[in-house]
Amino acid sequence: MTTLSFNLSAAIGRTLEKGDEVLVTQLDHEGNRGPWLGLQERGVVVREVRLLESGELDPADMAAKITARTKLFAIGASANSLGTVNDLALARRLTRQAGALLVIDAVHYAPHFPIDVQALGADFLLCSGYKFYGPHVGVLYSRPARSIDCRRTD
């Protein structure tokens with residue numbers, strides 16, 4: 001999954017311009033943070049949703065940080081460290097309002113919950129088969145006809 005995340009960020013990163021924004025969270029695993037943080041070298045602004053003491057993401061901070069400049073939000077469906085299940089409906093609503101992509105890391109979610117990518121509204125969803133007793137392979141779902149060009153909307 002991490003390799004796929006790096007490949008996805010490299011592909012999407014080619015469509016981003018200096019000053020475009022990507023949002024990650026303070027709760028996410030490095031496999032979903034590192035690929036997007038690396039885009040800072042290209043002049044992309046990477047912002048972080050604050051983690052509350054309760055172990056949940058701050059919904060007000062999330063809403064404030066998704067702006068017209070936001071091109072992508074990479075969020076974990078659930079956290080490996082605390083078991084927190086994130087508010088993906090809020091993330092989807094906010095990214096749709098901003099015209100941004102939603103990338104969901106479902107590595108720690110997939111073994112515990114059924115996944116309906118359409119219901120989640122994922123543009124991209126990643127997970128690892130070995131987490132649910134499958135082979136050690138990464139899985140990348142892309143919404144049908146989803147362009148990785150962040151300058152386009154569909």
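Our subject is the structure listed above.
Residues numbered from 1 in each chain as written. Predicted model: local features only at pLDDT ≥ 70, side-chain atom pairs only at ≥ 80, totals over all residues. Heavy atoms only, no water.

**Q** Can you help me understand the overall build of the protein chain in this one?
**A** Each helix and strand in the protein chain was counted, giving 5 helices and 6 strands. Classification of the 154 residues of the protein chain by burial places 50% in the buried group. Put simply, 58% of the contacts in the protein chain that link residues at least 6 apart link residues at least 24 apart. Per element, the accessible surface of the protein chain, about 7,700 Å² overall, is 51% carbon and sulfur. (Helix = DSSP H or I, 4+ residues; strand = E, 2+ residues; numbered from the N terminus. Buried < 20%, exposed > 50% of the residue type's maximum accessible area, 1.4 Å probe, protein only. Contact = heavy atoms within 4.5 Å. Areas by Shrake-Rupley, 256 points an atom, 1.4 Å probe, with all protein chains shown as cover.)

**Q** For this particular structure, what's the right way to read helix 4 (residues 88–98)?
**A** Count 3.6 residues to each turn of an α-helix, and residues three or four apart come out pointing the same way. Restricting attention to buried positions, one finds in helix 4 the residues Leu-88, Leu-90, Ala-91, Arg-92, Leu-94 and Thr-95. Residues of helix 4 that are buried make contact with helix 3 (59–65), strand 3 (70–76), strand 4 (101–105) and helix 5 (117–120). Measuring from the backbone nitrogen of Ala-89 back to the side-chain oxygen at the start of helix 4 gives 3.4 Å, which picks out Asp-87 as the cap. With its phi angle positive at about 75°, Gly-99 sits one or two positions after the end of helix 4. (Polar contact = N/O pair within 3.5 Å; in protein donor to acceptor, adjacent residues only side chain to side chain.)

**Q** Please explain the packing of aromatic side chains as it appears in this structure.
**A** Each aromatic ring pair is summarised here by two numbers: the centre-to-centre distance and the angle between the ring planes. Going through the model one piece at a time under the given rule, you end up with 1 aromatic pair. Geometrically, the ring pair formed by Tyr-109 and Phe-113 is stacked, given 4.6 Å between the ring centres and 25° between the ring planes. According to the relative accessible area criterion, Tyr-109 is buried, its value standing at 12%. By relative accessible area, Phe-113 is classed as partly exposed at 36%. (Phe/Tyr/Trp six-rings, centres within 6.5 Å; stacked < 30°, edge-to-face > 60°.)

**Q** Help me understand the side chain of Arg-92 in this model?
**A** In this fold, Arg-92 is placed in helix 4. Engagement of the side chain of Arg-92 in a polar contact is seen with the side chain of Thr-95, the distance being 2.9 Å. Here the side chain of Arg-92 touches Gly-121 through a polar contact of 2.5 Å, landing on its backbone oxygen. In contact with Arg-92, other than residues within four places in its own chain, are Ala-100, Leu-102, Leu-120, Gly-121 and Asp-123.

**Q** Looking at this structure, I do not really get the pattern of salt bridges. What am I missing?
**A** Here the structure, examined in full by the defined rule, presents 8 salt bridges. The partner of Asp-61 in a salt bridge is Lys-65, and the shortest N-O contact between them spans 3.1 Å. With Asp-61 and Lys-65 both in helix 3, this residue pair falls 4 residues apart, about one helical turn. Since its relative accessible area comes to 8%, Asp-61 is described here as buried. Between Arg-143 and Asp-123 there is a salt bridge, with the nearest N and O atoms lying 2.8 Å from each other. Here Arg-143 is found in the segment after strand 6 (138–142), whereas its partner Asp-123 is found in the loop between helix 5 and strand 5 (124–128), with 20 residues between them in sequence. Since its relative accessible area comes to 27%, Arg-143 is described here as partly exposed. The class of Asp-123 is buried, set by a relative accessible area of 2%. (Salt bridge = Lys/Arg side-chain N within 4 Å of Asp/Glu carboxyl O.)

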